[in-house]
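The residues making up each chain are set out below.
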Amino acid sequence: MADPLIPKAPSPIVDPTNPNIQRWDDIGLTLIHNFISEAEEATMIAAFHDADPRTGGRKRLSQHFGYHFDYTTFGASESHHTPVPSYIEAFLPRLPIQSYLPDQFTVQYYPPGSGIPPHVDTHSMFAEALYSLSFGSAVPMVFRMSGPNDARKMRQPKRSLMVSSDANTSATTSAVEPVADSKRSEETTQQEEPSWELLLPARSLLVMEGPSRYGYTHGIKGRKTDIINGETVLREGRYSITMRTVRRGDEIGCTCAYPGVCDARIREELERGSATSQYQPQLHQNNV
Ligand SMILES: O=C(O)CCC(=O)C(=O)O
Ligand SMILES: [Fe+2]
């Protein structure tokens, strides 16, 4: 059942040159419909399950390609690289930003009913544009402007350290900073900004830049049904490819306008010694 309190996404602009492209310019969000063909989608689903035949569980399954995340350096592991499959290489020339291309890919299978908690992907280690390619079925993604609760949570000790439920990979890199759970802790008493849902159709590409990348949390509620165009629809298995560009050397860092949820600022706080034990920043990453 969709949460009736969640308002619909604000209205996008439809790109005058391409009706497949919707843009929320004020927050840097773009959704490109029919980014891949049905044939490409079928190839991707088959490739995923060739590597991992499981579909029956309840947990997200992940496969990692390209440069893996190195938890000791918080950077890209040059030694840990999984070749990028041809079904990914094939669409890279079609990505809307060609000045830099992603080199880290996480393919995920979400069994029906599963989701991913609201989070902000790590700022400092990846270039601005984050992509999410959806396939298999549609799912609503929930966006919310981050606030003091999120900042506080990102400074709390982690409940789990780099624990992965991933299926078949040695790396456990989700490269995201989880900032909120569905269960509210006693501390999350401050008012949150309203959240809104954006339906990500199968074969669509979401691009997050600017505020939607740095200042908003995104997540997918774990639930059995969604309300799509006013109809209750049983959720089906969904796949996605999250794509990021790893920053290296001097490029690592962030000067965004959202210091509360910025890992670079949290690290600076720690280096200045301003962090109390209560607000110990979480500088490791784990799966959400
Ligand atoms: O599945 C998706 O579309 C998004 C996944 C995500 O947010 C992430 O891996 O950081
Ligand atoms: Fe994410």
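Residues numbered from 1 in each chain as written. Chains lettered and ligands numbered in written order. Predicted model: local features only at pLDDT ≥ 70, side-chain atom pairs only at ≥ 80, totals over all residues.

Going by the annotation in an unreviewed UniProt entry, the name recorded for the protein is Fe2OG dioxygenase domain-containing protein, with Apodospora peruviana given as the source organism.

Peer 1: Please give an account of the overall build of the protein that cites residues and values.
Peer 2: Looking only at helices and strands, one finds five helices and 16 strands in the protein. Looking at the protein as a whole, 36% of its 288 residues qualify as buried. Intrachain contacts of the protein at a sequence separation of at least 6 include 83% that bridge at least 24 residues. (Helix = DSSP H or I, 4+ residues; strand = E, 2+ residues; numbered from the N terminus. Buried ≥ 20, exposed ≤ 12 C-beta atoms within 10 Å, placed from the backbone. Contact = placed C-beta atoms within 7 Å.)

Peer 1: So what's going on with helix H5 (residues 263–272)? Residues and values would help.
Peer 2: Buried within H5 are the following residues: Asp263, Arg265 and Ile266. Each buried residue of H5 lies within a common arc of 160 degrees when the element is viewed along its axis, so the set occupies one face. Seen from the open side of H5, the exposed residues pointing more than 90 degrees away from its buried face are Glu271 and Arg272. Residue glycine 273 follows H5 closely and has a positive phi angle near 75 degrees. (Arc of directions from axis to C-beta.)

Peer 1: If you had to explain the environment of proline 112 to someone new, which residues and values would you point to?
Peer 2: Positionally, proline 112 belongs in the loop between strand S6 (104–110) and strand S7 (116–121). Given 16 C-beta atoms within a 10 Å radius, proline 112 is considered partly exposed. Along the backbone, proline 112 and proline 259 are 147 residues apart, and their C-alpha atoms lie at a distance of 35 Å. With sequence-adjacent residues up to four places away left out, proline 112 is seen in contact with Lys224, Arg235, Glu236 and Gly237.

Peer 1: An account of unusual backbone geometry is needed here, citing residue identities and associated values.
Peer 2: The phi dihedral of asparagine 34 falls on the positive side, at around 50 degrees, and the residue is not glycine. In this structure, asparagine 229 is a non-glycine residue whose phi angle is positive, near 50 degrees. Residue position: asparagine 229 is located in the loop between strand S14 (225–228) and strand S15 (231–234).

Peer 1: Before we move on, could you go through the environment of lysine 59 and cite the residues and values that matter?
Peer 2: You can see lysine 59 is positioned in the loop between helix H1 (38–51) and strand S4 (61–70). Look at lysine 59 and you get partly exposed, because 14 C-beta atoms sit within 10 Å. Expressed as a C-alpha distance, the spacing of lysine 59 and proline 111, which sit 52 residues apart in the sequence, is 6.6 Å.

Peer 1: Can you break down the pairing of strand S2 (residues 21–24) residue by residue, with the values?
Peer 2: In the sheet, strand S1 (residues 13–14) pairs with S2 via two bridges, with the strands oriented antiparallel. Considered in S2, the bridge of valine 14 is made with glutamine 22. Between the antiparallel neighbours S1 and S2 lie six residues. Taken together, the four bridges between S2 and strand S3 (residues 29–32) define a ladder with antiparallel strand orientation. Its bridge partner being in S3, glutamine 22 is matched across the sheet by leucine 31. (Pairing = 2+ DSSP bridges.)

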